[in-house]
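# Remarks on the overall topology
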Amino acid sequence: MLATHSTSQRRRLQAVLEHASGDKRFKILEAHMKKFQFRHDALIEILHKAQELFGYLEDDLLLFISCKLKLPASRVYGVATFYHFFTLKPQGAHTCVVCMGTACYVKGANKVLAAIQEDLKVKPGETTADGQLSLLTARCIGACGIAPAVVYDGTVTPRQTAESALEQVRKWVTP
Ligand code: FES
């Protein structure tokens, strides 16, 4: 597909693009890149938007960005790892990203987040002591119609409450 990517990267990219077609967040991110005319000098802006949408910058997301901007993946990784305000793949075996955008917030995302924080003794950006769960926040993941939304291991889950969120995350951590 691109001369800037190796064969294995292209294969992974194919899988990412298939997944991306069903995930609104990728569409929002792509629209953002378009706004910047896919300019290379907008990379930091675009990484910020990606982190806002996904909570962190995992490998597949960086690969998606490098493909869309037609930049070598190494360049995108380089920038993402250089700046401290970017979070790469969290350490936890599982991830829970609570959307704190306006629509989710007014429907109680703050209560969901507070319940997880209190129950698991973990703050956003941190991983539980047993290494099982990383808690993150995002700003509007493009699912306002099903607010408040939480993304558990990449799956956008609708209308979360403190109870439903705790039921999910407690399965992952050591009691
Ligand atoms: S504010 Fe949470 S999905 Fe839009």
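Check the entry above for the structure.
Residues numbered from 1 in each chain as written. Predicted model: local features only at pLDDT ≥ 70, side-chain atom pairs only at ≥ 80, totals over all residues.

### Some points on the overall build of the chain
- Helix and strand content of the chain: 8 helices and 4 strands.
- Taken from N to C terminus, the helices and strands of the chain fall in the order α-α-α-α-α-β-α-α-β-β-β-α.
- In terms of overall size, the chain behaves like a compact globule, its C-alpha atoms giving a radius of gyration of 16 Å where 175 residues would be expected to give roughly 16 Å.
- On the principal axes, the C-alpha backbone points of the chain span a range of 50 × 35 × 30 Å.
- A burial count over the chain gives 34% of its 175 residues as buried.
- Once local pairs closer than 6 in sequence are excluded, the contacts in the chain between residues at least 24 apart make up 67%. (Helix = DSSP H or I, 4+ residues; strand = E, 2+ residues; numbered from the N terminus. Rg over C-alpha atoms; globule rule 2.2 N^0.38 Å. Buried ≥ 20, exposed ≤ 12 C-beta atoms within 10 Å, placed from the backbone. Contact = placed C-beta atoms within 7 Å.)

### Let's talk about the nonpolar core
- Ranked by size, the top nonpolar core spans 44 residues in total, and within it Ala50, Ile116 and Val150 carry the most contacts.
- Residue contacts for valine 150: discarding those within four places in its chain leaves Cys96, Val97, Val98, Cys99, Val112, Thr157, Gln160 and Ala165. (Core = buried A, V, L, I, M, F, W, Y, C linked by C-beta atoms within 7 Å.)

### Here we look at the pairing of strand 2 (residues 133-138)
- With respect to burial, strand 2 is a largely interior element, 5 of its 6 residues being buried.
- Here strand 1 (residues 94-99) runs beside strand 2; their pairing, made up of 6 bridges, is parallel. If you follow cysteine 96 over to strand 2, its bridge partner there is leucine 135. (Pairing = 2+ DSSP bridges.)

### Here's the deal with the environment of lysine 34
- With respect to the helices and strands, lysine 34 occurs in helix 2 (residues 24-35).
- Residue classification places lysine 34 among the exposed residues on the basis of 10 C-beta atoms within 10 Å.
- Considering only alpha carbons, one finds lysine 34 and isoleucine 116, 82 residues apart in sequence, at a separation of 36 Å.

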